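# Structural description and commentary
Listed below are the residues making up each chain.
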Amino acid sequence: MTDYKRGVRRLSAGLVALAVVIRLTTAFGLDQRAGQAVRRLLSEPEFAGFLFYLELGQAGSWQTAGQPASAGTAKVKSNIFAVVPVIQPKKEAPAAEAPRERLEFTQADADAITIGGRSTYQADKLALLTAETALDFQQDGPTVLIVHTHTSEAYAQETGWEYDENDTARTQDPNYSVIRVGDELAETLEAHGIGVVHDTSFNDYPSYNGAYGRSLEKAEAWLAQYPSIQMVIDIHRDAAADANGAPVHYTADIGGEATAQLMLVIGTDEGGLSHPGWRDNLGWGLKLQAVLNRMYPGLCRSIDLRTERFNQHLTPGSLLVEVGASGNTLREALAAARDLGEGLAALIEGT
(Lines give C-alpha, C1' and ligand atoms only; values in the text may rest on other atoms or scores of the structure.)
Protein backbone atom coordinates (compact mmCIF):
# COMPACT_ATOMS: atom_id res chain seq x y z
CA MET A 1 0.00 0.00 0.00
CA THR A 2 1.43 3.35 -0.96
CA ASP A 3 2.00 6.09 1.61
CA TYR A 4 -0.64 8.14 -0.17
CA LYS A 5 -3.33 5.48 0.25
CA ARG A 6 -2.44 4.97 3.93
CA GLY A 7 -2.67 8.71 4.49
CA VAL A 8 -6.06 8.86 2.83
CA ARG A 9 -7.36 5.99 5.01
CA ARG A 10 -6.11 7.63 8.19
CA LEU A 11 -7.71 10.90 7.16
CA SER A 12 -10.97 9.13 6.32
CA ALA A 13 -11.01 7.32 9.68
CA GLY A 14 -10.36 10.58 11.47
CA LEU A 15 -13.17 12.31 9.66
CA VAL A 16 -15.56 9.46 10.43
CA ALA A 17 -14.67 9.75 14.13
CA LEU A 18 -15.20 13.50 13.94
CA ALA A 19 -18.61 12.94 12.36
CA VAL A 20 -19.59 10.69 15.28
CA VAL A 21 -18.42 13.32 17.79
CA ILE A 22 -20.39 15.96 15.91
CA ARG A 23 -23.50 13.80 16.13
CA LEU A 24 -23.16 13.25 19.87
CA THR A 25 -22.29 16.85 20.62
CA THR A 26 -25.21 18.18 18.63
CA ALA A 27 -27.70 15.59 19.83
CA PHE A 28 -27.07 16.16 23.50
CA GLY A 29 -26.08 19.80 23.48
CA LEU A 30 -22.80 19.10 25.30
CA ASP A 31 -21.04 22.29 24.32
CA GLN A 32 -22.48 25.31 22.55
CA ARG A 33 -19.01 26.59 21.68
CA ALA A 34 -18.15 23.29 20.03
CA GLY A 35 -21.35 23.52 18.03
CA GLN A 36 -20.41 27.02 16.87
CA ALA A 37 -16.92 25.83 15.89
CA VAL A 38 -18.42 22.95 13.92
CA ARG A 39 -20.74 25.33 12.09
CA ARG A 40 -17.76 27.48 11.09
CA LEU A 41 -15.91 24.37 9.88
CA LEU A 42 -18.92 23.25 7.88
CA SER A 43 -19.02 26.58 6.10
CA GLU A 44 -16.07 25.22 4.09
CA PRO A 45 -17.67 23.41 1.15
CA GLU A 46 -14.84 20.83 0.81
CA PHE A 47 -15.24 19.60 4.40
CA ALA A 48 -19.02 19.75 4.30
CA GLY A 49 -19.07 17.86 1.04
CA PHE A 50 -16.92 15.08 2.50
CA LEU A 51 -19.34 14.65 5.43
CA PHE A 52 -22.17 14.59 2.93
CA TYR A 53 -20.37 11.73 1.18
CA LEU A 54 -19.86 9.83 4.45
CA GLU A 55 -23.52 10.16 5.34
CA LEU A 56 -25.11 9.35 2.01
CA GLY A 57 -22.38 7.43 0.20
CA GLN A 58 -22.56 9.68 -2.81
CA ALA A 59 -21.15 12.94 -4.01
CA GLY A 60 -23.39 15.89 -4.49
CA SER A 61 -23.77 19.63 -4.11
CA TRP A 62 -23.97 20.89 -0.51
CA GLN A 63 -26.39 23.61 0.44
CA THR A 64 -28.23 24.83 3.47
CA ALA A 65 -31.55 23.16 4.15
CA GLY A 66 -34.28 25.24 2.62
CA GLN A 67 -31.75 27.46 0.73
CA PRO A 68 -32.06 27.32 -3.05
CA ALA A 69 -28.86 26.76 -5.06
CA SER A 70 -27.57 29.99 -6.52
CA ALA A 71 -26.05 30.01 -10.00
CA GLY A 72 -22.55 31.40 -10.13
CA THR A 73 -22.03 31.03 -6.37
CA ALA A 74 -18.65 29.64 -5.45
CA LYS A 75 -19.31 29.11 -1.74
CA VAL A 76 -22.64 28.03 -0.24
CA LYS A 77 -23.41 28.23 3.48
CA SER A 78 -24.08 24.93 5.17
CA ASN A 79 -26.25 23.86 8.03
CA ILE A 80 -25.17 20.96 10.22
CA PHE A 81 -28.74 20.14 11.11
CA ALA A 82 -29.43 19.15 7.49
CA VAL A 83 -27.04 16.21 7.95
CA VAL A 84 -27.00 15.32 11.63
CA PRO A 85 -30.45 14.68 13.09
CA VAL A 86 -31.08 16.44 16.40
CA ILE A 87 -32.31 13.94 18.96
CA GLN A 88 -34.47 15.73 21.48
CA PRO A 89 -34.43 14.22 24.96
CA LYS A 90 -37.67 12.46 25.70
CA LYS A 91 -39.95 14.69 27.71
CA GLU A 92 -41.65 13.18 30.66
CA ALA A 93 -45.39 13.59 30.77
CA PRO A 94 -46.36 16.31 33.28
CA ALA A 95 -47.58 14.90 36.54
CA ALA A 96 -51.33 15.05 36.84
CA GLU A 97 -52.41 17.78 39.22
CA ALA A 98 -53.83 16.32 42.37
CA PRO A 99 -57.53 17.13 42.69
CA ARG A 100 -58.20 19.80 45.28
CA GLU A 101 -59.89 18.46 48.37
CA ARG A 102 -63.53 19.44 48.51
CA LEU A 103 -64.24 22.14 51.05
CA GLU A 104 -66.29 21.15 54.05
CA PHE A 105 -67.78 23.65 56.49
CA THR A 106 -68.45 23.08 60.16
CA GLN A 107 -70.27 24.57 63.11
CA ALA A 108 -66.99 26.22 64.10
CA ASP A 109 -66.95 28.07 60.76
CA ALA A 110 -70.52 29.26 61.35
CA ASP A 111 -69.80 30.37 64.93
CA ALA A 112 -66.78 32.40 63.77
CA ILE A 113 -68.96 34.60 61.53
CA THR A 114 -71.13 37.40 62.86
CA ILE A 115 -74.01 38.76 60.79
CA GLY A 116 -74.94 42.36 61.49
CA GLY A 117 -76.67 45.09 59.52
CA ARG A 118 -80.10 46.70 59.34
CA SER A 119 -82.02 43.69 58.08
CA THR A 120 -84.25 41.95 60.60
CA TYR A 121 -84.07 38.66 58.71
CA GLN A 122 -82.61 35.68 60.54
CA ALA A 123 -80.46 33.07 58.84
CA ASP A 124 -79.24 29.60 59.73
CA LYS A 125 -75.54 30.07 59.09
CA LEU A 126 -74.58 26.40 59.27
CA ALA A 127 -77.41 25.33 56.97
CA LEU A 128 -76.37 27.94 54.39
CA LEU A 129 -72.70 27.06 54.73
CA THR A 130 -73.28 23.37 54.12
CA ALA A 131 -75.89 23.76 51.36
CA GLU A 132 -74.84 22.91 47.81
CA THR A 133 -74.10 25.96 45.69
CA ALA A 134 -75.95 26.56 42.44
CA LEU A 135 -72.85 28.17 40.91
CA ASP A 136 -70.92 26.33 38.22
CA PHE A 137 -67.51 27.76 37.38
CA GLN A 138 -66.71 25.04 34.85
CA GLN A 139 -67.76 27.27 31.98
CA ASP A 140 -66.29 28.28 28.65
CA GLY A 141 -65.81 31.99 29.10
CA PRO A 142 -65.45 34.43 31.98
CA THR A 143 -67.18 33.44 35.22
CA VAL A 144 -66.59 36.54 37.38
CA LEU A 145 -67.72 40.09 36.66
CA ILE A 146 -66.20 42.95 38.67
CA VAL A 147 -68.03 46.28 38.69
CA HIS A 148 -67.86 49.53 40.64
CA THR A 149 -71.14 51.28 41.39
CA HIS A 150 -69.28 54.05 43.24
CA THR A 151 -66.36 54.10 40.86
CA SER A 152 -64.62 57.26 42.07
CA GLU A 153 -64.21 56.08 45.68
CA ALA A 154 -60.57 56.43 46.75
CA TYR A 155 -58.38 56.17 49.83
CA ALA A 156 -56.34 58.23 52.26
CA GLN A 157 -53.40 59.85 50.52
CA GLU A 158 -49.84 59.03 51.51
CA THR A 159 -46.44 60.15 50.31
CA GLY A 160 -45.76 58.82 46.84
CA TRP A 161 -49.40 57.85 46.34
CA GLU A 162 -50.98 61.29 45.98
CA TYR A 163 -53.84 61.91 43.56
CA ASP A 164 -56.15 64.71 42.45
CA GLU A 165 -59.43 64.68 44.37
CA ASN A 166 -62.69 65.71 42.72
CA ASP A 167 -64.31 65.35 46.17
CA THR A 168 -63.20 64.10 49.57
CA ALA A 169 -61.44 60.75 49.05
CA ARG A 170 -62.78 60.56 45.49
CA THR A 171 -60.92 60.73 42.21
CA GLN A 172 -61.40 60.24 38.49
CA ASP A 173 -57.91 58.76 38.24
CA PRO A 174 -58.42 54.97 37.91
CA ASN A 175 -54.90 54.36 39.23
CA TYR A 176 -55.96 55.53 42.70
CA SER A 177 -59.65 54.64 42.95
CA VAL A 178 -61.40 51.35 43.64
CA ILE A 179 -60.80 50.57 39.96
CA ARG A 180 -57.17 49.88 40.87
CA VAL A 181 -58.39 47.54 43.63
CA GLY A 182 -60.56 45.75 41.07
CA ASP A 183 -57.53 45.38 38.81
CA GLU A 184 -55.62 43.70 41.62
CA LEU A 185 -58.49 41.32 42.33
CA ALA A 186 -58.88 40.48 38.63
CA GLU A 187 -55.15 39.76 38.23
CA THR A 188 -55.16 37.46 41.24
CA LEU A 189 -58.15 35.47 39.97
CA GLU A 190 -56.76 35.25 36.44
CA ALA A 191 -53.51 33.86 37.84
CA HIS A 192 -55.62 30.91 39.02
CA GLY A 193 -57.16 30.45 35.58
CA ILE A 194 -60.48 32.11 36.51
CA GLY A 195 -61.90 34.21 33.68
CA VAL A 196 -62.77 37.77 34.68
CA VAL A 197 -64.52 40.75 33.12
CA HIS A 198 -63.64 44.01 34.85
CA ASP A 199 -65.98 46.88 34.00
CA THR A 200 -64.25 50.19 34.78
CA SER A 201 -67.11 52.47 33.77
CA PHE A 202 -67.82 55.47 36.01
CA ASN A 203 -71.31 55.12 37.43
CA ASP A 204 -71.19 57.79 40.17
CA TYR A 205 -69.83 60.71 38.16
CA PRO A 206 -70.84 63.37 37.27
CA SER A 207 -73.98 62.41 39.21
CA TYR A 208 -73.87 60.27 42.34
CA ASN A 209 -77.65 59.72 42.25
CA GLY A 210 -78.70 56.84 40.03
CA ALA A 211 -75.35 55.05 40.30
CA TYR A 212 -76.95 51.67 41.06
CA GLY A 213 -79.25 51.99 38.07
CA ARG A 214 -76.29 52.66 35.80
CA SER A 215 -74.20 49.82 37.18
CA LEU A 216 -77.22 47.51 36.81
CA GLU A 217 -77.42 48.32 33.10
CA LYS A 218 -73.73 47.61 32.65
CA ALA A 219 -73.92 44.31 34.54
CA GLU A 220 -76.99 43.15 32.59
CA ALA A 221 -75.21 43.89 29.32
CA TRP A 222 -72.18 41.83 30.36
CA LEU A 223 -74.37 38.95 31.51
CA ALA A 224 -76.14 38.98 28.15
CA GLN A 225 -72.80 38.92 26.35
CA TYR A 226 -71.28 36.27 28.62
CA PRO A 227 -73.89 33.87 30.03
CA SER A 228 -70.96 32.01 31.58
CA ILE A 229 -70.69 34.64 34.34
CA GLN A 230 -71.59 33.11 37.70
CA MET A 231 -71.03 35.98 40.10
CA VAL A 232 -70.93 39.76 40.12
CA ILE A 233 -68.60 41.48 42.60
CA ASP A 234 -69.26 45.16 43.28
CA ILE A 235 -66.06 46.60 44.80
CA HIS A 236 -66.47 49.61 47.14
CA ARG A 237 -64.64 51.18 50.02
CA ASP A 238 -66.42 52.15 53.23
CA ALA A 239 -66.87 55.75 54.36
CA ALA A 240 -67.22 55.24 58.11
CA ALA A 241 -66.11 57.95 60.55
CA ASP A 242 -65.35 57.89 64.26
CA ALA A 243 -67.04 59.98 66.98
CA ASN A 244 -64.85 62.95 66.07
CA GLY A 245 -65.68 62.72 62.38
CA ALA A 246 -62.27 61.37 61.38
CA PRO A 247 -62.18 58.64 58.71
CA VAL A 248 -62.05 55.14 60.19
CA HIS A 249 -59.00 53.02 59.48
CA TYR A 250 -59.96 49.30 59.30
CA THR A 251 -56.68 47.39 59.29
CA ALA A 252 -55.48 43.87 60.05
CA ASP A 253 -51.96 42.49 60.27
CA ILE A 254 -51.86 39.70 57.70
CA GLY A 255 -48.51 37.97 57.54
CA GLY A 256 -46.74 41.07 58.82
CA GLU A 257 -48.38 43.34 56.21
CA ALA A 258 -50.83 46.10 57.07
CA THR A 259 -53.97 45.10 55.18
CA ALA A 260 -57.35 46.81 54.84
CA GLN A 261 -60.17 44.76 56.32
CA LEU A 262 -62.97 43.43 54.15
CA MET A 263 -66.69 43.60 54.75
CA LEU A 264 -69.12 41.53 52.72
CA VAL A 265 -72.44 43.30 52.20
CA ILE A 266 -75.44 41.09 51.35
CA GLY A 267 -78.71 42.55 50.09
CA THR A 268 -82.22 41.19 50.68
CA ASP A 269 -85.79 41.85 49.54
CA GLU A 270 -86.77 43.41 52.87
CA GLY A 271 -86.77 46.86 51.33
CA GLY A 272 -89.46 45.88 48.82
CA LEU A 273 -87.47 45.05 45.68
CA SER A 274 -87.83 41.52 44.32
CA HIS A 275 -84.93 39.34 45.37
CA PRO A 276 -86.16 35.82 46.12
CA GLY A 277 -82.68 34.31 45.94
CA TRP A 278 -80.98 36.49 48.55
CA ARG A 279 -80.26 33.44 50.74
CA ASP A 280 -78.19 31.98 47.91
CA ASN A 281 -76.08 35.14 47.91
CA LEU A 282 -75.78 34.99 51.68
CA GLY A 283 -74.76 31.32 51.55
CA TRP A 284 -72.02 32.09 49.02
CA GLY A 285 -70.87 35.03 51.12
CA LEU A 286 -70.74 32.85 54.23
CA LYS A 287 -68.65 30.26 52.38
CA LEU A 288 -66.23 32.94 51.18
CA GLN A 289 -65.89 34.46 54.63
CA ALA A 290 -65.31 31.04 56.19
CA VAL A 291 -62.48 30.38 53.72
CA LEU A 292 -60.97 33.83 54.32
CA ASN A 293 -61.18 33.30 58.09
CA ARG A 294 -59.15 30.12 57.72
CA MET A 295 -56.57 31.62 55.39
CA TYR A 296 -56.30 35.16 56.80
CA PRO A 297 -57.62 35.40 60.36
CA GLY A 298 -58.70 38.94 61.16
CA LEU A 299 -59.12 40.04 57.55
CA CYS A 300 -62.94 40.09 57.58
CA ARG A 301 -65.34 42.26 59.52
CA SER A 302 -68.87 41.09 60.30
CA ILE A 303 -71.13 40.36 57.33
CA ASP A 304 -73.50 43.29 56.75
CA LEU A 305 -77.03 42.03 55.92
CA ARG A 306 -79.06 44.90 54.48
CA THR A 307 -82.62 45.71 53.42
CA GLU A 308 -81.46 47.06 50.05
CA ARG A 309 -80.94 44.76 47.07
CA PHE A 310 -77.70 46.23 45.62
CA ASN A 311 -78.34 44.58 42.23
CA GLN A 312 -77.51 41.20 43.77
CA HIS A 313 -80.56 39.56 42.21
CA LEU A 314 -78.55 39.15 38.99
CA THR A 315 -76.68 35.99 40.05
CA PRO A 316 -76.73 33.61 43.05
CA GLY A 317 -73.11 34.58 43.71
CA SER A 318 -73.40 38.37 43.68
CA LEU A 319 -71.56 40.19 46.47
CA LEU A 320 -70.78 43.76 47.44
CA VAL A 321 -67.35 43.99 49.06
CA GLU A 322 -66.16 46.99 51.05
CA VAL A 323 -62.36 46.94 50.74
CA GLY A 324 -61.19 49.06 53.64
CA ALA A 325 -62.50 52.55 54.31
CA SER A 326 -61.63 56.12 53.44
CA GLY A 327 -59.11 56.10 56.30
CA ASN A 328 -57.15 53.24 54.74
CA THR A 329 -54.42 53.73 52.16
CA LEU A 330 -54.53 52.33 48.66
CA ARG A 331 -51.49 50.20 49.51
CA GLU A 332 -53.50 48.51 52.29
CA ALA A 333 -56.50 48.06 50.00
CA LEU A 334 -54.38 46.38 47.31
CA ALA A 335 -53.05 43.90 49.86
CA ALA A 336 -56.66 43.10 50.84
CA ALA A 337 -57.65 42.65 47.19
CA ARG A 338 -54.92 40.06 46.70
CA ASP A 339 -56.05 38.15 49.79
CA LEU A 340 -59.66 38.37 48.64
CA GLY A 341 -58.67 36.94 45.26
CA GLU A 342 -56.74 34.08 46.82
CA GLY A 343 -59.64 33.21 49.11
CA LEU A 344 -62.20 33.37 46.32
CA ALA A 345 -60.02 31.19 44.10
CA ALA A 346 -59.71 28.63 46.88
CA LEU A 347 -63.49 28.64 47.33
CA ILE A 348 -64.16 28.24 43.60
CA GLU A 349 -61.60 25.43 43.27
CA GLY A 350 -62.89 23.74 46.41
CA THR A 351 -66.54 23.66 45.44
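Below or above, wherever it landed, is the structure these notes cover. If you're wondering where the values come from, they're calculated on a predicted model, not measured in any experiment. (Residues numbered from 1 in each chain as written. Predicted model: local features only at pLDDT ≥ 70, side-chain atom pairs only at ≥ 80, totals over all residues. Heavy atoms only, no water.)

## So, the overall build of the protein
Note the cut-off: Secondary structure counts use DSSP, requiring at least four H or I residues in a row for a helix and at least two E residues in a row for a strand, with both numbered from the N terminus. Burial classification: accessible surface area is computed with a 1.4 Å probe over protein chains only, and a residue below 20% of its type maximum counts as buried, one above 50% as exposed, and the rest as partly exposed. Between two residues, a contact is recorded if the distance between any of their heavy atoms is within 4.5 Å.
The secondary structure content of the protein amounts to 9 helices and 9 strands. Looking at the 351 residues of the protein, the share that counts as buried comes to 43%. Put simply, of all contacts in the protein between residues at least 6 apart along the chain, 75% involve residues at least 24 apart.

## Quick look at the pattern of salt bridges
Quick note on the threshold: For salt bridges, the criterion is a side-chain nitrogen of Lys or Arg within 4 Å of an Asp or Glu carboxyl oxygen.
Counting across every chain of the model gives 10 salt bridges. For R180, the salt bridge identified is with E184, shortest N-O distance 2.9 Å. Of this pair, R180 and E184 both sit in helix α6 (residues 178-191), separated by 4 residues, roughly a single helical turn.

## A few points about the packing of aromatic side chains
Put simply, the test is: A pair of aromatic rings is counted whenever rings of Phe, Tyr or Trp (Trp by its six-membered ring) have centres within 6.5 Å, and the orientation is called stacked for planes under 30 degrees apart, edge-to-face for over 60 and tilted otherwise. Two conditions define a charge sitting above a ring: the NZ of Lys or the CZ of Arg must be within 6 Å of the ring centre, and it must be within 35 degrees of the ring normal.
As enumerated under the stated definition, the model contains 5 aromatic pairs in all. A ring pair is formed by Y121 and W278, whose centres lie 5.0 Å apart and whose planes are at 20°; its orientation type is stacked. Of this pair, Y121 sits in the loop between β1 (115-116) and α5 (125-130) while W278 sits in helix α8 (residues 278-295), and the two are 157 residues apart along the sequence. Seen in terms of ring centroids, W222 and Y226 are 6.1 Å apart; in terms of plane orientation they differ by 10°. Their pairing is stacked. What makes Y226 partly exposed here is its relative accessible area of 27%. Against the face of Y250 rests R301, its NZ or CZ located 3.6 Å from the ring centre.

## Structural notes on the side chain of T171
Applied cut-off: Pairs of N or O atoms are called polar contacts if they sit within 3.5 Å, as long as, within protein, a hydrogen donor faces a hydrogen acceptor (for residues adjacent in sequence, only side-chain-to-side-chain pairs).
On the secondary structure map, T171 appears in the loop between β2 (144-147) and α6. On the accessibility criterion, T171 (1% relative accessible area) is buried. From its side chain, T171 meets the backbone nitrogen of D173 in a polar contact 3.1 Å long. Sequence-distant contacts of T171, that is, excluding residues within four places in its chain, are made with S152, A154, Y163, D164, N166, Y176, S177 and F202.

## A look at the pairing of strand β7 (residues 262-266)
To keep things clear, this is the line we draw: Strands qualify as paired when DSSP identifies two bridges or more between them. For a crossover, the right-handed case is the one in which the path from the first strand over the helix to the second runs clockwise, viewed with the strands pointing away from the viewer.
Here β7 lies mainly inside the structure; 5 of its 5 residues are buried. Along β7, one buried face is formed by L262, L264 and I266 and the opposite face, lined by M263 and V265, is buried too. With 4 bridges joining them, β7 and strand β9 (residues 319-325) adopt antiparallel strand pairing. Residue M263 lies in a different strand from β9, and its bridge partner there is E322. Pairing between β7 and strand β8 (residues 303-305): 2 bridges, direction parallel. Looking across to β8, one finds that V265 is bridged to D304. Between the parallel pair β7 and β8, the chain is carried across by α8, and the sense of this crossover is right-handed.

## As for the side chain of T268
Structurally, T268 is set in the loop between β7 and α8. For T268, a relative accessible area of 0% corresponds to the buried category. A polar contact of 3.2 Å, which involves the side chain of T268, links it to the backbone nitrogen of E270. Leaving out residues up to four positions away in the same chain, T268 has contacts with S119, Y121, H275, W278, L305, R306, T307, E308 and R309.

## Points about the packing of α6 against helix α9 (residues 330-350)
The line we're drawing: Convention adopted: a line fitted to C-alpha atoms gives each axis, helices being fitted over their contacting stretch, and angles between N-to-C directions are expressed from 0 to 180 degrees. Note on angle classes: values under 35 degrees are labelled roughly parallel, values over 145 roughly antiparallel, values of 65 to 115 roughly perpendicular, and the remainder oblique. Handedness of a helix crossing follows the sense of rotation of the near helix relative to the far helix, less than a right angle counterclockwise being left-handed and clockwise being right-handed. In this classification, the charged set is Asp, Glu, Lys and Arg, the nonpolar set is Ala, Val, Leu, Ile, Met, Phe, Trp, Tyr, Cys and Pro, and all remaining amino acids, among them Gly, are polar.
Closest axis-to-axis distance for the α6/α9 pair is 8 Å, and the angle between their directions is 30°. When the axes of α6 and α9 are compared, the pair comes out roughly parallel. The handedness of the crossing between α6 and α9 comes out as right-handed. Contacts from R180, V181, E184, L185, T188 and L189 of α6 reach α9 at L330, A333, L334, A337, R338, L340, G341, E342, L344 and A345. In terms of residue class, the contact of α6 with α9 is made up of 10 nonpolar, 2 polar and 4 charged.

Scope: geometric values only; no functional claims are made or implied.
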